[in-house]
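In case you want the letters, here they are:
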Amino acid sequence: TKLCTFKTIETPELYQHSTSAGTLYSKIARIHGRDCLASTLYQDCQYRGGPEQCQFCGIGLSLDNGATILHKQPSELAEVARHAARTAQATHVTLTSGSRVDEQAATAHLAECVRMIKQHSGLPVHIQICPPESDGVREALHSAGADTIGIHIETLCMDTLRRVAPAKAGYGLERYRSGWLQAVALVGVNQVSSGLIAGLGE
């Protein structure tokens, strides 16, 4: 039985170019779907390789096979985003990152990336973050120009979350709820999202 029709996209023209420093655009950001320019700002996580690592995490795979670089700089992302916007290859940007030990430094880096992308490309930016531990994180990112915010919990069954993503479970469901509500207060209704992964054994 036919369920749907899908079409694969050709390799984006974007991938043919390199930054002024010689890094391939494709190692800085990738086209997701038809028109989303996406990048993982820090291609690692403080929990990777340890007992608190998410069982479904693949953040290190592209780094291990040389398809990306560890740390993306705001100026590089701005250069790639400007090209993607100018050539109509992207209509929006998604930025995510592995969890880092220093939340303030990570927030400052993400905020500068958002600011420079918006300044040089004009594209709307979606950011994905953990529930903040410190006050002012969401406000700083919103002030930098973030248009929408994702705070992904993966499953609402806390027993399952403790089993497959213990670091995320450590935040507690109430902190996620608070994070979502505070984000909505900043960026508006229907501008805050979360992700659920089906089949984790709920």
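Above this text sits the structure in question.
Residue indices follow the written sequence of each chain, beginning from 1 at its first position. The predicted origin of the model limits local features to residues at a pLDDT of at least 70 and limits the giving and counting of side-chain atom pairs to 80 or more, whereas totals for whole chains, interfaces and linings rest on all residues. With hydrogens and water stripped out, all remaining heavy atoms of the structure feed into the side-chain values.

Relative accessibility under 20% of the residue-type maximum defines a buried residue, over 50% an exposed one, and the middle range a partly exposed one, all with a 1.4 Å probe and only protein chains included. By definition, any uninterrupted DSSP run of H or I lasting at least four residues is a helix, any uninterrupted run of E lasting at least two residues is a strand, and each is numbered from the N terminus. In terms of burial, strand S2 (residues 36-40) is largely enclosed, as five of its five residues are buried. Burial along S2 is two-sided: Cys36, Ala38 and Thr40 and Leu37 and Ser39, pointing in opposite directions, are all buried. DSSP-based pairing: two strands are paired if at least 2 bridges between them are found. Bridge count between strand S1 (residues 30-32) and S2: three bridges; the pairing is antiparallel. If you follow Ile31 over to S2, its bridge partner there is Leu37.

Attention now moves to the sheet that holds strand S4 (residues 125-128). One open sheet holds the six strands; their spatial order is S1-S2-S3-S4-S5-S6, and the pairing between them is mixed. With partners counted over all chains shown, the strands left at the sheet margins are S1 and strand S6 (192-193), one partner each.

All right, on to the nonpolar core then. Among the nonpolar cores identified, the biggest contains 44 residues, and Leu14, Leu37, Leu95, Leu110, Val114 and Ile127 are the most heavily contacted of them. Among the elements of the structure, helix H1 (25-28), helix H3 (74-86), strand S3 (92-96), helix H4 (103-121), S4, helix H5 (137-144), helix H6 (158-164) and helix H8 (173-187) are those that each provide at least two residues to this core. Residues belong to a common nonpolar core when they are buried Ala, Val, Leu, Ile, Met, Phe, Trp, Tyr or Cys residues joined through side-chain atoms within 4.5 Å.

Now for the side chain of Thr155. For Thr155, the position within the fold is in the loop between strand S5 (148-150) and H6. Taking relative accessible area as the criterion, Thr155 reaches 2% and is therefore assigned buried. Nitrogen and oxygen atoms within 3.5 Å of one another constitute a polar contact, given that in protein one can donate a hydrogen and the other can accept it, and given that sequence-neighbouring residues count only through two side-chain atoms. From its side chain, Thr155 meets the backbone nitrogen of Cys157 in a polar contact 3.1 Å long. Beyond its immediate chain neighbours, meaning those up to four positions away, Thr155 contacts Thr160, Leu161, Leu196, Leu200 and Glu202. Residues count as neighbours in contact if any of their non-hydrogen atoms are within 4.5 Å of one another.

This brings us to the pattern of salt bridges. Any carboxyl oxygen of Asp or Glu within 4 Å of a side-chain nitrogen of Lys or Arg constitutes a salt bridge here. Per the counting criterion, the structure on display carries seven salt bridges. A salt bridge links Arg48 to Asp64; the shortest N-O distance between them is 3.9 Å. Within this pair, whereas Arg48 is found in the loop between S2 and helix H2 (61-64), its partner Asp64 is found in helix H2, the two being separated by 16 residues in sequence. Residue Glu112 is joined to Arg115 by a salt bridge in which the shortest nitrogen-to-oxygen separation is 3.2 Å. Placement of both Glu112 and Arg115 in helix H4 is noted, with a separation of three residues, approximately one turn of the helix. Residue classification places Glu112 among the partly exposed positions, given a relative accessible area of 31%. Overlapping salt bridges, with partners in common, bring together Asp44, Arg48 and Asp64 in one network.

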